[in-house]
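So the chains spell out like this:
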Amino acid sequence: NLGDGFSAAFARLPQIAGWALVAATVGLVLKIIESSSERFGEIVASLLGMAWSAITYFVVPVIVVERTGPIEAGKRSFEILKRTWGEALVANFGIGFVIFFASLIGIIPIIGGIAAIAAGQAALGGIILAFGIVALLFISLISSALNSIIVGALYLYAAEGSVPQQFDDG
């Protein structure tokens, strides 16, 4: 349940903080690479950033469940990704596709609100704009939760070799 998840994560807080430090350091290095050479730096930083994101996809579940440190979790994450890259790719594209269309629920009112404000209906435009912003924030929250659930389920699938009960259609 949710409480168990929070308890497990809280128990591994120093390791998760260590991972955050590693990730922030890598992010800083990527930013330095990006700014060192205008076009070439952007390309290299983008490619390295994508590789880093893929390799570290399962780090947090590994830290929490397998009780490893940040460096070992990175290695283990890469091992798991090699086994489940297809499933991870499909899951990310699937969620991204659904979230994109759901985001229209917020984007359309934002455009409508801006149009209403431009047409001189500031109060109506402000209300519509606020609705769109709240909708986008809510959709973003749902997207983050779905992504975390999928990463956890894929991790369990790769680590235990079976589909988690909640995802098994049998």
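(A) Helix 3 (residues 38-55), seen in detail. With 18 residues, helix 3 should cover 26 Å at 1.5 Å per step; its first-to-last C-alpha distance of 26 Å lies within 8% of that length. Among the residues making up helix 3, those that are buried are G41, A45 and G49. Projected onto a plane normal to the axis of helix 3, the buried residues spread over an arc of 60 degrees and lie on a single side. Structural note: helix 3 exposes R39, F40, L47 and M50 on the side pointing more than 90 degrees away from its buried face. Lining the buried residues of helix 3 we find helix 2 (13-36).

(B) Broad picture of the layout of surface pockets. Looking at the second largest pocket, its volume works out to about 180 Å³. Lining the second largest pocket we find A54, Y57, L81, W85, A88, L89, N92 and F93. Per-element tally for the lining of the second largest pocket: the top contributor is helix 5 (residues 70-118), with six residues.

(C) Looking closely at the environment of L156. By the element assignment, L156 lies in helix 6 (residues 122-160). A sequence separation of 43 residues divides L156 from G113, and the C-alpha atoms of the two residues are 44 Å apart.

(D) Expanded view of the packing of helix 2 against helix 4 (residues 59-66). Look at helix 2 against helix 4: their axes get within 10 Å of each other, and the N-to-C directions meet at 155 degrees. One finds that helix 2 runs roughly antiparallel with respect to helix 4. Of the two elements, helix 2 crosses helix 4, and the hand of that crossing is right-handed. Here Q15, I16 and W19 of helix 2 come into contact with helix 4, specifically with V59, V60, I63 and V64.

(E) The environment of L146, seen in detail. With respect to the helices and strands, L146 occurs in helix 6. In this structure, the C-alpha to C-alpha distance between L146 and A91, residues 55 residues apart in sequence, is 9.9 Å. When residues no more than four places from it in sequence are discounted, the contact partners of L146 are I95 and I99.

(F) Quick peek at the packing of aromatic side chains. Considering all chains together, one arrives at four aromatic pairs under this definition. Summarising the aromatic geometry, the rings of Y57 and F58 are spaced 4.9 Å apart at their centres and angled 90 degrees between planes, so their arrangement reads as edge-to-face. The exposure class assigned to Y57 is buried, which follows from its relative accessible area of 17%. Aromatic pair F100 and F101: ring centres 5.1 Å apart, planes at 75 degrees, arrangement edge-to-face. Owing to a relative accessible area of 44%, F101 belongs among the partly exposed residues under this scheme. Grouping aromatic residues by their ring pairs yields a cluster made of F97, F100 and F101.

(G) Structural view of the pattern of salt bridges. Tallying each qualifying case throughout the model produces four salt bridges. Ionic pairing is found between E42 and R39, a salt bridge with its closest N-O pair at 3.4 Å. Taken together, the residues span about one helical turn, with E42 and R39 both in helix 3 at a distance of three residues. Accessibility expressed as a relative area gives 33% for E42, which makes it partly exposed. By relative accessible area, which is 58% here, R39 ends up exposed.

Parameters and conventions
- Residues numbered from 1 in each chain as written.
- Predicted model: local features only at pLDDT ≥ 70, side-chain atom pairs only at ≥ 80, totals over all residues.
- Heavy atoms only, no water.
- Helix = DSSP H or I, 4+ residues; strand = E, 2+ residues; numbered from the N terminus.
- Expected span 1.5 Å × (residues − 1).
- Buried < 20%, exposed > 50% of the residue type's maximum accessible area, 1.4 Å probe, protein only.
- Arc of directions from axis to C-beta.
- Contact = heavy atoms within 4.5 Å.
- 1 Å grid on protein atoms, 1.4 Å probe; cavity = no way out; pocket = protein on both sides within 12 Å on 5 of 7 lines; lining within 4 Å.
- Points joined across faces, edges and corners; volume = space filled by probe spheres on them.
- Axes fitted to C-alpha atoms, helices over the stretch in contact; angles between N-to-C directions.
- Parallel < 35°, antiparallel > 145°, perpendicular 65-115°, else oblique.
- Left-handed = near helix turned anticlockwise from the far one by under 90°.
- Phe/Tyr/Trp six-rings, centres within 6.5 Å; stacked < 30°, edge-to-face > 60°.
- Salt bridge = Lys/Arg side-chain N within 4 Å of Asp/Glu carboxyl O.

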